[in-house]
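Working through the structure, step by step
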Amino acid sequence: AAGVIQSPRHLIKEKRETATLKCYPIPRHDTVYWYQQGPGQDPQFLISFYEKMQSDKGSIPDRFSAQQFSDYHSELNMSSLELGDSALYFCASSLERGGLPDTQYFGPGTRLTVL
Amino acid sequence: DAKTTQPTSMDCAEGRAANLPCNHSTISGNEYVYWYRQIHSQGPQYIIHGLKNNETNEMASLIITEDRKSSTLILPHATLRDTAVYYCIVRVSYSGAGSYQLTFGKGTKLSVIP
């Protein structure tokens, strides 16, 4: 079965640079979520989109922004990168069924290293 | 959101059943119990979920107590590849069209020993 695709899988940036992470949800899934997992930490919710509209917002820094496109893929844009942004970034997708969201399935993640 | 409490770590002999407990004493009537696992920096993997009835799939069984204040995930025949951090998550109540966030706690680090 098709899974969530994330690209790139690894990314190295310098401080104050910009990074863009991409997420391609499971086909027909309409909802995308972004999570951040710092070293030794548990995944933390950042932001989510349903039908191309932002639906929930977690602990996402103002330097980060995201959007969901007409083909349902999503991009997380990160500017003015800081050392503390070094983390694994996971995307998950789900399909809303009858007004209730369904199970989230996660991608393999993007490992961002800020030097 | 209901909070969950899990043991920090557990060991299990290969081939034996692994029973991972989770307490969620403040769970609401419309909140589900979800289990995910994360194998060393890979993306969290969905295992199973339930509301109040026991559930079984090809990966595991989920036993939920009648009062819904606790649950147990059972891996019937643990293998070395089941070594991972297991997260018990109570799903945030439905908060709007098509979205809910998962709140990951500390989870249980399960080590399957040869």
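Residues numbered from 1 in each chain as written. Chains lettered and ligands numbered in written order. Predicted model: local features only at pLDDT ≥ 70, side-chain atom pairs only at ≥ 80, totals over all residues. Heavy atoms only, no water.

**Considerations on the overall build of chain A**
The line we're drawing: Only runs of H or I of at least four residues qualify as helices and only runs of E of at least two qualify as strands under DSSP, and these elements are numbered from the N terminus. Throughout, the radius of gyration refers to the C-alpha atoms, and the reference size of a globule is 2.2 Å times the residue count to the power 0.38. Think of it in three bands: residues with accessible area under 20% of the maximum for their type are buried, residues over 50% are exposed, and the middle band is partly exposed, with areas taken using a 1.4 Å probe on protein chains only. Contact definition: two residues touch when any of their heavy atoms are within 4.5 Å. Residues scored as charged are limited to Lys and Arg (positive) and Asp and Glu (negative), so that His and the chain ends carry no count. Taken as the charge centre is NZ of Lys, CZ of Arg, CG of Asp or CD of Glu, depending on the residue.
The secondary structure content of chain A amounts to zero helices and 13 strands. Listed N to C, the secondary structure of chain A is β-β-β-β-β-β-β-β-β-β-β-β-β in terms of helices and strands. Radius of gyration (C-alpha) of chain A: 14 Å, near the 13 Å computed for a compact globule of 115 residues. Based on the C-alpha atoms only, the size of chain A along its principal axes is roughly 45 × 30 × 25 Å. Here chain A holds 115 residues, and the buried ones make up 50% of them. Pairs at least 24 apart in sequence give 54% of the contacts found in chain A among residues at least 6 apart. Of note, chain A has its 11 positive side-chain charges centred 5 Å away from the centre of its 13 negative side-chain charges.

**Focus: the side chain of B:Arg68**
Residues and elements named next belong to chain B. Note the following rule: Salt bridge criterion: a side-chain nitrogen from Lys or Arg within 4 Å of a carboxyl oxygen from Asp or Glu. Pairs of N or O atoms are called polar contacts if they sit within 3.5 Å, as long as, within protein, a hydrogen donor faces a hydrogen acceptor (for residues adjacent in sequence, only side-chain-to-side-chain pairs).
Structurally, the position occupied by Arg68 is in the loop between strand 6 (61-64) and strand 7 (70-75). For the buried Arg68, no salt bridge is present, and the opposite-charge side chain at shortest range is Glu31, 6.6 Å distant. Here Glu31 takes part through its backbone oxygen, which lies 2.4 Å from a polar atom of the side chain of Arg68. Only 2.6 Å separates the side chain of Arg68 from the backbone oxygen of Leu51, close enough to count as a polar contact. Other than its neighbours up to four places away in sequence, Arg68 contacts His24, Ile27, Ser28, Gly29, Glu31, Tyr32, Leu51 and Lys52.

**A look at the nonpolar core**
Convention followed: For our purposes a nonpolar core is just a set of buried Ala, Val, Leu, Ile, Met, Phe, Trp, Tyr and Cys residues, chained together by side-chain atoms within 4.5 Å.
With 22 residues, the main nonpolar core has A:Trp34, A:Leu76, A:Met78, A:Tyr89 and A:Leu112 as its most contacted residues. Those residues within four positions of A:Leu112 in sequence are excluded, and the remaining contacts are A:Leu11, A:Lys13, A:Ala19, A:Met78, A:Leu81, A:Asp85, A:Ser86, A:Ala87 and A:Tyr89. Residues B:Val33, B:Trp35, B:Leu62 and B:Leu75 belong to the second largest nonpolar core, which totals 21 residues.

**Regarding the state of the cysteines**
Residues and elements named next belong to chain A. Counted only if it meets this: Pairs of cysteine sulfur atoms within 2.5 Å are identified as disulfides in what follows.
Applying the stated rule across the entire model yields two disulfides over all chains. Two residues, Cys23 and Cys91, share a disulfide whose sulfurs are 1.7 Å apart. The disulfide joining Cys23 to Cys91 has a torsion of about -55 degrees about its S-S bond and is therefore left-handed. Of the two residues, Cys23 is situated in strand 3 (residues 19-24) and Cys91 in strand 9 (residues 87-94); the sequence distance between them amounts to 68 residues.

**What about the pairing of strand 8 (residues 84-90) of chain B?**
All names here are of chain B. The following threshold applies: Following DSSP output, two strands are said to pair if at least two bridges run between them.
The buried count for strand 8 comes to six of seven residues, which makes it a mostly enclosed element. Summarising the sheet, strand 3 (residues 33-38) and strand 8 pair through six bridges and their orientation is antiparallel. Bridge pairing in strand 8 places Arg37 opposite Tyr86. As defined by bridge partners, strand 8 adjoins strand 9 (residues 108-113) across three bridges and the pair is classed as antiparallel. In the sheet register, Val85 faces strand 9, and the bridge partner there is Lys109.

No statement about biological role is implied by the geometric values presented.
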